Amino acid sequence: GKPLPSRQEHVYIVLNKPRGYVTTLSDEKGRPNAAQLVADCGVRVYPVGRLGMDSEGMLIFTNDGEFANKLMHPKHEVNKTYHVTVQGYSEEGLERLKLPVALDGYTIRKPEVALLHKWEESGKAKLSVTIHEGRNRQVRRMCDAAGMSVTRLVRVSEGNLKLGDLPSGKWRYLTDREVNLLLE
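Residues numbered from 1 in each chain as written. Predicted model: local features only at pLDDT ≥ 70, side-chain atom pairs only at ≥ 80, totals over all residues. Heavy atoms only, no water.

## Thoughts on the side chain of His132
Thinking step 1. Here His132 is to be found in the loop between strand E8 (124-131) and helix H4 (138-145).
Thinking step 2. In this structure His132 comes out as buried when scored by relative accessible area, which is 6%.
Thinking step 3. Here Asn79 takes part through its side chain, which lies 2.6 Å from a polar atom of the side chain of His132.
Thinking step 4. If we skip the residues at most four places from it in the chain, His132 touches Glu77, Val78, Asn79, Arg109, Lys110, Pro111 and Glu112. (Helix = DSSP H or I, 4+ residues; strand = E, 2+ residues; numbered from the N terminus. Buried < 20%, exposed > 50% of the residue type's maximum accessible area, 1.4 Å probe, protein only. Polar contact = N/O pair within 3.5 Å; in protein donor to acceptor, adjacent residues only side chain to side chain. Contact = heavy atoms within 4.5 Å.)

See the structure below:
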């Protein structure tokens, strides 16, 4: 005889996660977590996928499980693009990075890789790497296999959504148009 509560509105947020935050709702080691950065949105939201503690950039949060599944499930092959600063850059390493590699007994799809900038004297370079899966520490492990170590990793886009100039540690709501772009 009591009315059921009305269904909660779906919320879609993009966060520019800073380095040093874990992608969990709480951490048994007491480390800062990305959920703390979006806690003031007024609704309990969950991260869509993961971004390692030493990584930074775009992280989407929502309370819409169906939306989250569409972005995370491998069959939907949502591209994720990273700007990766590496040490030990070489032309040969760049060519190896462009090839599919086996991780955890699974051969990943061929990534899209482009050189954005290189510093000749230091052996450093900045690369754009687009992957189609989201295996654990995938980009870092791909770079290691190509003989380069990652010094900075920033996710700059997911699907058709770009991080843009959102400041580190800040979040904003996605527009209806952006949500629809992600679902395409």
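Now that the structure has been shown, the text picks up again.
## Digging into the packing of aromatic side chains
Thinking step 1. In total, this model carries 2 aromatic pairs according to the counting rule given.
Thinking step 2. Measuring from centroid to centroid gives 4.8 Å for Tyr12 and Phe67, while their planes differ by 70 degrees, and the two rings are edge-to-face. One end of the pair, Tyr12, is in strand E1 (residues 12-17); the other, Phe67, is in helix H2 (residues 65-72), and 55 residues separate them in sequence. Neither residue differs from the other here; Tyr12 and Phe67 are each classed as buried.
Thinking step 3. Ring centres of Trp171 and Tyr173 lie 4.9 Å apart, and the angle between their planes is 90 degrees; on these two criteria the pair is classed as edge-to-face.
Thinking step 4. Over the ring of Trp119 we find Lys124, and its NZ or CZ is 5.8 Å from the ring centre. (Phe/Tyr/Trp six-rings, centres within 6.5 Å; stacked < 30°, edge-to-face > 60°. Lys NZ or Arg CZ within 6 Å of the ring centre and 35° of its normal.)

## What about the environment of Lys126?
Thinking step 1. With respect to the helices and strands, the residue Lys126 is situated in strand E8.
Thinking step 2. By relative accessible area, which is 31% here, Lys126 ends up partly exposed.
Thinking step 3. C-alpha of Lys126 to C-alpha of Ala114: the two residues are 12 residues apart in sequence and 8.9 Å apart in space.
Thinking step 4. Excluding residues within four positions of it along the chain, Lys126 makes contact with His83, Val84, Thr85, Ala114, Leu115, Leu116, His117 and Trp119.

## Remarks on the side chain of Asn63
Thinking step 1. Tracing the chain through its elements places Asn63 in the loop between strand E3 (56-62) and H2.
Thinking step 2. Among the polar contacts listed, one links the side chain of Asn63 to the backbone oxygen of Glu9, at a separation of 3.0 Å.
Thinking step 3. A polar contact of 2.7 Å, which involves the side chain of Asn63, links it to the backbone nitrogen of Val11.
Thinking step 4. Beyond its immediate sequence surroundings of up to four residues, Asn63 is in contact with Gln8, Glu9, His10, Val11, Val43, Arg44 and Val45.

## Points about the layout of surface pockets
Thinking step 1. Its boundaries defined by the atoms lining it, the largest pocket holds a volume of some 800 Å³.
Thinking step 2. In this structure, the largest pocket is lined by 38 residues; those nearest its centre are Arg50, Gly134, Arg135, Asn136 and Arg137.
Thinking step 3. Of all the elements in the fold, those that place two or more residues in the lining of the largest pocket are H2, strand E4 (80-87), H4 and strand E9 (149-158).
Thinking step 4. For the lining of the largest pocket, the class distribution of residues is 13 nonpolar, 11 polar and 14 charged.
Thinking step 5. Volume-wise, the second largest pocket comes out at about 170 Å³.
Thinking step 6. What lines the second largest pocket is simply Lys70, His76, Glu77, Val78, Asn79, Gly159, Asn160, Leu181, Leu182, Leu183 and Glu184.
Thinking step 7. Ranked by residue count, the leading element in the lining of the second largest pocket is helix H5 (residues 176-183), at 3 residues.
Thinking step 8. Partitioning the lining of the second largest pocket into residue classes produces 4 nonpolar, 4 polar and 3 charged. (1 Å grid on protein atoms, 1.4 Å probe; cavity = no way out; pocket = protein on both sides within 12 Å on 5 of 7 lines; lining within 4 Å. Points joined across faces, edges and corners; volume = space filled by probe spheres on them. Nonpolar A, V, L, I, M, F, W, Y, C, P; charged D, E, K, R; others polar.)

## Brief notes about H4
Thinking step 1. For H4, the full list of buried residues reads Gln138, Val139, Arg140, Met142 and Cys143.
Thinking step 2. Where H4 is buried, its residues touch E4, helix H3 (91-97), strand E5 (102-103), E8 and E9.
Thinking step 3. Backbone geometry just downstream of H4 places Gly147 in the positive-phi region, at approximately 85 degrees.

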